[in-house]
Amino acid sequence: MTALNRVPSLMVRASTASALTIAAVGGSVVVPGVASDAAAATTATKALQVAASKKGSPYKYGATGPRRFDCSGLTLYSFKKAGKKLPRTAAQQYNKTRHISVKSRKAGDLVFFHSGSSVYHVGIYAGKGKIWHAPKTGDVVRLQKIWTKSVWYGRVS
């Protein structure tokens, strides 16, 4: 199939694009009264793109990039590149985000893994139940399905 044959289907899909998708490709959406949400979506999208660009980078405890990361180092680095400052650890990052429900989660939100009330891991929500994260020693930054229901969500504002 040539690129020309795909144009009509691309145009149909483009007409139903979400604000987040439009923001991801550098467009802008003006909706009165939600400028902060639009700005957050742009920041979250940028952070998600940065995290994805680090695919394959080795995990190293305490590392904050640009070549090696631990879990909170990846989120700190990604949001810093998107223009937002986060604290260093997963627990501190949880305390600095606006907590949201699973139904409210969006791509670019942070996903916090917890045991009881203790946060022990963080990743960036990529949509469809998956996160970008730096899992553990011996592993690399990768996209992975969320493997537990013991998660909380936070939005960087």
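Rules behind the numbers
- Residues numbered from 1 in each chain as written.
- Predicted model: local features only at pLDDT ≥ 70, side-chain atom pairs only at ≥ 80, totals over all residues.
- Heavy atoms only, no water.
- Pairing = 2+ DSSP bridges.
- Helix = DSSP H or I, 4+ residues; strand = E, 2+ residues; numbered from the N terminus.
- Axes fitted to C-alpha atoms, helices over the stretch in contact; angles between N-to-C directions.
- Contact = heavy atoms within 4.5 Å.
- Salt bridge = Lys/Arg side-chain N within 4 Å of Asp/Glu carboxyl O.
- Buried < 20%, exposed > 50% of the residue type's maximum accessible area, 1.4 Å probe, protein only.
- Phe/Tyr/Trp six-rings, centres within 6.5 Å; stacked < 30°, edge-to-face > 60°.
- Core = buried A, V, L, I, M, F, W, Y, C linked by side-chain atoms within 4.5 Å.

Undergrad: I would appreciate a short explanation of the sheet that holds strand S3 (residues 118–127) in the present structure.
TA: Working definition: the strands of a sheet are paired by backbone hydrogen bonds and lie parallel or antiparallel to each other. The antiparallel open sheet is built from six strands, whose spatial order is S1-S6-S2-S3-S4-S5. The sheet is open, and its two edges are formed by strand S1 (98–100) and strand S5 (142–145), each paired on a single side. The mean inter-strand angle of the sheet, taken between neighbouring strand axes irrespective of direction, is 45°. Across four bridges, strand S2 (residues 110–115) lies against strand S6 (residues 151–155) in antiparallel orientation. From the neighbouring strand, Val111 faces S6, where its bridge partner is Tyr153. Along the sheet, helix H4 (residues 71–81) makes contact with S2, S3 and strand S4 (130–133), crossing S3 at roughly 45°.

Undergrad: Help me understand the pattern of salt bridges in this model?
TA: Should the charged atoms of two oppositely charged side chains come close, the side chains can pair. Applying the stated rule across the entire model yields three salt bridges. Between Arg142 and Asp139 there is a salt bridge, and its shortest N-O distance comes to 3.0 Å. For Asp139, a relative accessible area of 15% corresponds to the buried category.

Undergrad: What should I look at first to understand the packing of aromatic side chains in this one?
TA: To describe a pair of aromatic rings, one takes the distance between the centres and the angle between the planes. Inspection of every chain in the model, using the stated rule, returns five aromatic pairs. With a centroid separation of 4.4 Å and an interplanar angle of 15°, the aromatic rings of Phe113 and Trp147 are classed as stacked. With Phe113 in strand S2 and Trp147 in the loop between S5 and S6, this pair connects stretches of sequence that are 34 residues apart. Residue Phe113 is classed as buried on the basis of its relative accessible area, which comes to 0%. Geometrically, the ring pair formed by Tyr125 and Tyr153 is edge-to-face, given 6.1 Å between the ring centres and 85° between the ring planes. Taken as a pair, Tyr125 in strand S3 and Tyr153 in strand S6 lie far apart in primary sequence, 28 residues in all. Exposure class is identical for Tyr125 and Tyr153. Each is buried.

Undergrad: What am I meant to see in the pairing of S6 here?
TA: Remark: a regular strand shows side chains that alternate across the two faces of the sheet. The buried count for S6 comes to four of five residues, which makes it a mostly enclosed element. With three bridges connecting them, S1 and S6 associate as antiparallel partners. Each bridged residue has a counterpart across the sheet, and for His99 the counterpart in S6 is Gly154.

Undergrad: How do you make sense of the environment of Ala63 when you look at a structure like this?
TA: Tracing the backbone shows Ala63 in the loop between helix H3 (35–53) and H4. For the pair Ala63 and Gly73, spaced ten residues apart in sequence, the C-alpha separation works out to 5.8 Å.

Undergrad: I tried to follow the nonpolar core on my own but got confused; where do I start?
TA: A general trend in soluble globular proteins is that nonpolar side chains are found buried together. Formed by 23 residues in total, the largest nonpolar core has its most connected members in Phe69, Phe79, Leu110, Phe112, Val122, Ile124 and Val141. Broken down by secondary-structure element, the contributors of at least two residues to this core are H3, H4, helix H5 (90–96), S2 and S3. Not counting residues up to four positions away in its chain, the partners in contact with Val122 are Cys71, Ser72, Thr75, Ala90, Gln93, Leu110, Val111, Phe112, Phe113 and His133. Counting residues in each nonpolar core, the second largest holds eight residues, with Ile100, Val111, Tyr125 and Tyr153 among its members.

Undergrad: Quick question: what am I supposed to make of unusual backbone geometry here?
TA: Backbone torsion omega between Gly65 and Pro66 reads 5°, so that peptide bond is classified as cis. Its place among the elements puts Pro66 in the loop between H3 and H4.

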